[in-house]
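A closer look at the structure
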Amino acid sequence: RILVIGACGQLGHELTVALKNKYGEKAIIACDRLEYAKANIKDVKYVKLDVMDKAYLQLVIVEERITQIYLLAAVLSASGEKDPGMAWQVNMNGLLNVLDLSVSYQVEKVFWPSSIAVFGPESPKEDCGQNAFTIPTTVYGISKLSGEYWCRYYFEKFGLDVRSLRYPGLISYKTLPGGGTTDYAVDIFYKAKAGEKYTCFLKSDTALPMMFMDDAVKATLDLMETQKENISIRTSYNLAAVSFTPSELATAIRKVEPNFEISYEPDFRQEIADGWPASINDNVAREDWGWLPRFGTDEIVNVMMENVKVEKTS
Ligand code: VAH
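Residues numbered from 1 in each chain as written. Predicted model: local features only at pLDDT ≥ 70, side-chain atom pairs only at ≥ 80, totals over all residues. Heavy atoms only, no water.

Basically, it comes down to this: UniProt positions are given in the numbering used here, feature names are shortened, and annotations may be inferred rather than shown by experiment.
You'll find the protein entered in an unreviewed UniProt entry as NAD-dependent epimerase/dehydratase family protein, with Pedobacter polaris given as the organism. Check the Sequence similarities (unreviewed entry) section of the UniProt entry for the protein; it says "Belongs to the NAD(P)-dependent epimerase/dehydratase family."

Written out as structure tokens, the structure is:
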């Protein structure tokens, strides 16, 4: 049975659906906090599960005979800067609880998401490689980098098969993101579809690595299905698809919505974005397990503009 923790989040919701499609409804035990479950409450079996409550997590792992765990619960970059203590607790202790219990109860495989947020201002801006300087400037990035080394430690010391991907900014229309710096690339489509002007919280020329959710879900399932012997990275794999600036994204949207207007009012998230690479080199993922993105910027714009649901205001 597969336990998905954080099953109602932006990534968690779509990964849970994909896992149910692949392994069957009954094979997936979805958990998320009540306040996050909301619309998807019918999908969630355990709403009390809190990654920091190790005893309860242990009970679920034993009761449900869990053989795989996807730990997707996290406090993202922008939210993390507002509450560093909470971000560290959730992101770090949540992971350590899962790693420890996975060894104790012989969980076969664990997935844990990292992020390009592990890179910092000293990292290469373009084509940032798998082993480039990682000097994160956010609590979120620090927790993700620390987590990567804990994953490798549990693999080397205890043989735990834990696998990880450094996701770029994720773009989807099924579940809203929460607290990210890249979330402008989701918010913008809700405004464009509603025929409204969008005020972007980043500067027009802030290039960031991005990916459509379907690519991120496929990469995750492909990595988790890959033969153990093919995996050469036990911290976390760089993963890339597209890179664009808010201005480039607005131009691509205008191909579909010619009257779309954007303005720029950078806030605290600008400093976070300035510390991240503009583009990522994911050659190691491509060589080890055949990673290949499918959605380019125009495809992302088309699928988002077709599927984003809003009440038209004008
Ligand atoms: C964030 N969406 O903005 C996340 C992601 C690379 C960015 O980690 O915090």
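Overview of the sheet that holds strand 5 (residues 161-167)
Each strand in a sheet pairs with its neighbour through backbone hydrogen bonds, running either in the same direction (parallel) or in the opposite one (antiparallel). Operational definition: Pairing between strands is defined by DSSP: at least two bridges between the two strands are required. Counting from the N terminus, the helices are the DSSP runs of H or I reaching at least four residues and the strands are the DSSP runs of E reaching at least two.
Pairing in this open sheet of six strands is parallel, and the strands run 2-1-3-4-5-9 from one edge to the other. Looking at which strands have only one partner, the edges of the open sheet turn out to be strand 2 (28-31) and strand 9 (237-238). Alignment of strand 4 (residues 109-115) against strand 5, held across seven bridges, turns out to be parallel. Residue pairing in the sheet places Ser114 in a bridge with Arg166 of strand 5.

Some words on a nonpolar patch on the surface
Basically, it comes down to this: Grouping into patches uses exposed residues only, defined as over 30% relative accessible area, and leaves out salt-bridged ones; the cut-off is 9 Å for like charges and 5 Å for nonpolar side chains (Val, Leu, Ile, Met, Phe, Trp, Tyr). Shrake-Rupley sampling with a 1.4 Å probe provides the accessible areas, and residues are treated as covered by the protein chains on show and by no other component. Whenever Lys or Arg places a side-chain nitrogen within 4 Å of a carboxyl oxygen from Asp or Glu, that contact is recorded as a salt bridge. Residue burial is assigned from relative accessible area. The probe radius is 1.4 Å, only protein chains are included, and a residue is buried under 20% of its type maximum, exposed over 50%, and partly exposed in between.
A surface patch of nonpolar side chains, amounting to about 310 Å² of accessible area, comprises Trp150, Tyr153 and Phe158. Among the secondary structure elements, Tyr153 is positioned in helix 6 (residues 139-158). Judged by its relative accessible area of 37%, Tyr153 is partly exposed.

A look at the packing of aromatic side chains
Heads up, the rule is: Each Phe, Tyr or Trp ring, with Trp reduced to its six-membered ring, pairs with another whose centre is within 6.5 Å; inter-plane angles below 30 degrees give stacked pairs, above 60 give edge-to-face pairs, and intermediate values give tilted ones.
Under the definition given, this model contains twelve aromatic pairs. Between Phe212 and Phe295, the aromatic rings sit 4.7 Å apart at their centres with planes inclined by 45 degrees, giving tilted as the arrangement. Placement of Phe212 in strand 8 (residues 208-212) and of Phe295 in the loop between helix 11 (283-289) and helix 12 (297-307) is noted, with a sequence separation of 83 residues between them. We note that Phe212, like Phe295, is buried.

Observations concerning the side chain of Glu14
As a reminder of what qualifies: The criterion used for residue contact is that any of the two residues' heavy atoms lie within 4.5 Å.
The topology assignment puts Glu14 in helix 1 (residues 10-23). Not counting the four nearest positions on each side in its chain, Glu14 is found in contact with Ser172, Lys174, Met213, Asp214 and Val217.

Topic: the sheet that holds strand 10 (residues 242-244)
Rules: To obtain each axis, a line is fitted to C-alpha atoms, and for helices this fit is confined to the stretch in contact; angles are then taken between N-to-C directions over 0 to 180 degrees.
The mixed open sheet is built from three strands, whose spatial order is 6-8-10. With one partner strand each, in any of the chains shown, strand 6 (169-171) and strand 10 form the two edges of the open sheet. On average, each strand axis in the sheet is inclined to that of its neighbour by 45 degrees, with strand direction left out of account. The sheet strands contacting helix 7 (residues 184-193) are strand 6, strand 8 and strand 10, and the helix crosses strand 6 at an angle near 25 degrees.

Side note on the pattern of salt bridges
Using the criterion set out here, one finds 13 salt bridges in the structure. Its salt-bridge partner being Lys54, residue Asp100 comes within 2.6 Å of it at the nearest N-O pair. Highlighted residues: Asp100 in helix 5 (residues 84-104) and Lys54 in helix 3 (residues 54-63), separated in sequence by 46 residues. Relative accessible area serves as the criterion here: at 28%, Asp100 is assigned to the partly exposed category. Here Lys218 ties to Asp222 by a salt bridge, and the two come within 2.6 Å at their closest N and O atoms. Separated by four residues within a single helix, Lys218 and Asp222 lie in helix 8 (residues 213-225), roughly one turn from each other. Each of the salt bridges in this network shares a partner with another, and the network as a whole consists of Asp161, Arg163 and Arg234.

Describing unusual backbone geometry
We note that Gln106 has phi near 45 degrees; this positive angle belongs to a residue other than glycine. Among the structural elements, Gln106 can be located in the loop between helix 5 and strand 4. A positive phi angle is found at Asp127, which is not glycine, with a value near 55 degrees. In this structure, Asp127 sits in the loop between strand 4 and helix 6. Taking relative accessible area as the criterion, Asp127 reaches 47% and is therefore assigned partly exposed.

Some details on the nonpolar core
Heads up, the condition is: For our purposes a nonpolar core is just a set of buried Ala, Val, Leu, Ile, Met, Phe, Trp, Tyr and Cys residues, chained together by side-chain atoms within 4.5 Å.
Formed by 42 residues in total, the largest nonpolar core has its most connected members in Ile171, Tyr184, Phe189 and Leu249. Listed by contribution, the elements that provide at least two residues to this core are helix 6, helix 7, strand 7 (198-200), strand 8, strand 10, helix 9 (246-254), helix 10 (269-274) and helix 12. Considering each element in turn, this core owes the most residues, six residues, to helix 7. Aside from chain neighbours lying at most four places away, what touches Leu249 is Tyr184, Ala185, Ile188, Phe189, Phe244 and Val301. Ala18, Leu19, Met211 and Leu223 belong to the second largest nonpolar core, which has 31 residues in total.

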